[in-house]
Amino acid sequence: MQTVQKTTVAKKEEVVADWFLVDAQDEIVGRLATRIAVILMGKHKPIYTPHVDCGDFVVVTNCDRVRFTGKKLSHDENPNFTKKMATKEYDYYTGYPGGHRVKTGAELLEEKPTKILEEAVRRMLPKNKLGRKMLKKLKLYAGSSHPHQAQSPQDLPS
């Protein structure tokens, strides 16, 4: 007689969220974003269930020091400035007629340094209510300090 294995399905009341800390200094945007997205979705846990938010909180510091792949260019403030950062375009729509706006990675890095990594992670999460809930668990900071010491975040596993 065969033994029957039961599939476990996580319930939102049973999930316990941990806190992870990531230093984005000299990290490549896309590769770091995939690691963060996996943690936010909870795919690193054995209890992963697609329709339940099983993910953990992620605190990212030094978001202003991320880099893109490609040829290095000289820049005054950013030592990781590349050709891709100067040419990559981020576009959005204001909601008004003629409201299509385009900014390069360099402009976005000057105005909102956390926006580059936030957009990369957001586009890797599900495009629904659950994905928006997961994105709220991502905490991004341009400097090396963060206000989440009380949660005692641990280093992100590689």
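Refer to the structure presented above.
Let me sum up the structure you'll find in this document.

Thresholds applied
- Per chain, residues are indexed from 1 in the order of the written sequence.
- Restriction of local features to residues with pLDDT of at least 70 applies here, the model being predicted, together with a cutoff of 80 or more for giving and counting side-chain atom pairs; totals for whole chains, interfaces and linings are based on all residues.
- To get the side-chain values, all heavy atoms of the structure are used, and hydrogens and water are removed first.
- Secondary structure follows DSSP: runs of H or I at least 4 residues long count as helices, runs of E at least 2 residues long count as strands, and numbering of each begins at the N terminus.
- What makes two residues a contact is simply this: any of their non-hydrogen atoms within 4.5 Å.
- In the analysis that follows, any N or O atom pair within 3.5 Å is treated as a polar contact, provided that within protein one partner can donate a hydrogen and the other can accept it, and provided that, for residues neighboring in sequence, both atoms belong to side chains.
- We call a set of buried Ala, Val, Leu, Ile, Met, Phe, Trp, Tyr and Cys residues a nonpolar core when their side-chain atoms join them within 4.5 Å.
- Exposure is judged per residue with a 1.4 Å probe applied to protein chains only, and the accessible area is read against the type maximum: over 50% gives exposed, under 20% gives buried, and values in between give partly exposed.
- The pairing criterion for strands is at least two bridges between them, as found by DSSP.
- Note on geometry: axes are C-alpha line fits, over the in-contact stretch for helices, and angles between N-to-C directions span 0 to 180 degrees.
- The span expected for a helix works out to 1.5 Å for each residue beyond the first.
- Using protein atoms alone on a 1 Å grid, points that fit a 1.4 Å probe yet trap it form a cavity, whereas open point sets bounded by protein on both sides within 12 Å along at least five of seven lines form a pocket; residues with an atom within 4 Å of a point count as lining.
- Grid points are joined across faces, edges and corners, and a volume is the space filled by probe spheres set on the points.
- Under this grouping Gly is polar, as are all residues other than the nonpolar Ala, Val, Leu, Ile, Met, Phe, Trp, Tyr, Cys and Pro and the charged Asp, Glu, Lys and Arg.

Following the sequence through the fold, His44 ends up in the loop between helix 1 (29–41) and strand 2 (57–61). C-alpha of His44 to C-alpha of Arg123: the two residues are 79 residues apart in sequence and 19 Å apart in space. Other than its neighbours up to four places away in sequence, His44 contacts Phe20, Val38, Ile39 and Asp56. Side-chain polar atoms of His44 contact the side chain of Asp56, separated by 2.8 Å.

So, about the nonpolar core. Counting 33 residues, the largest nonpolar core has Ile36, Val58, Val60, Leu117, Val121, Leu125 and Leu138 as the members making the most contacts within it. Top contributing element to this core by residue count: helix 1, with eight residues. For Ile36, the contacting residues outside a window of four places in its chain are Val58, Val60, Leu117, Val121 and Leu138.

Okay, the sheet that holds strand 1 (residues 19–23) next. If you walk across this open sheet you meet the four strands as 5-2-1-6, and the pairing is parallel. What marks the edges here is a single partner per strand, and that holds for strand 5 (138–140) and strand 6 (154–155). When strand 1 meets strand 6, the two strands line up parallel, connected through two bridges. The residue of strand 6 that forms the bridge with Leu21 is Asp155. Helix 1 contacts strand 1, strand 2 and strand 5 of the sheet and is inclined by roughly 155° relative to strand 2.

Relative to the helices and strands, Ser144 is located in the loop between strand 5 and strand 6. Not counting chain neighbours up to four residues away, the residues in contact with Ser144 comprise Thr61 and Asn62.

For helix 1, built from 13 residues, the straight-helix expectation of 18 Å at 1.5 Å per residue is met to within 8% by its first-to-last C-alpha distance of 18 Å. Of the residues making up helix 1, those classed as buried are Val29, Leu32, Ala33, Ile36, Ala37, Ile39, Leu40 and Met41. Where helix 1 is buried, its residues contact strand 1, strand 2, helix 4 (115–122), helix 5 (129–135) and strand 5. Positive backbone phi, approximately 90°, marks Gly42, located one or two places after helix 1.

Pairing analysis gives five bridges linking strand 3 (residues 89–93) to strand 4 (residues 100–104), with the strands arranged antiparallel. Bridging from a neighbouring strand, Asp91 pairs with Val102 of strand 4.

Attention now goes to the layout of surface pockets. Its volume calculated, the largest pocket comes out at about 190 Å³. Taken together, Tyr90, Asp91, Tyr92, Lys103, Leu108, Glu111, Lys112, Lys115, Glu119 and Arg123 make up the full set of residues lining the largest pocket. Among the elements that make up the lining of the largest pocket, the one with the highest residue count is strand 3 (three residues). Broken down by class, the residue content of the lining of the largest pocket amounts to three nonpolar, no polar and seven charged. Forming the boundary of the second largest pocket are 13 residues, of which Val29, Gly30, Phe68, Lys88 and Ala120 lie nearest the centre. Of all the secondary-structure elements, those providing two or more residues to the lining of the second largest pocket are helix 1 and helix 4. With three residues, helix 4 is the largest single contributor of residues to the lining of the second largest pocket. The residue inventory of the lining of the second largest pocket, partitioned by class, reads seven nonpolar, two polar and four charged.

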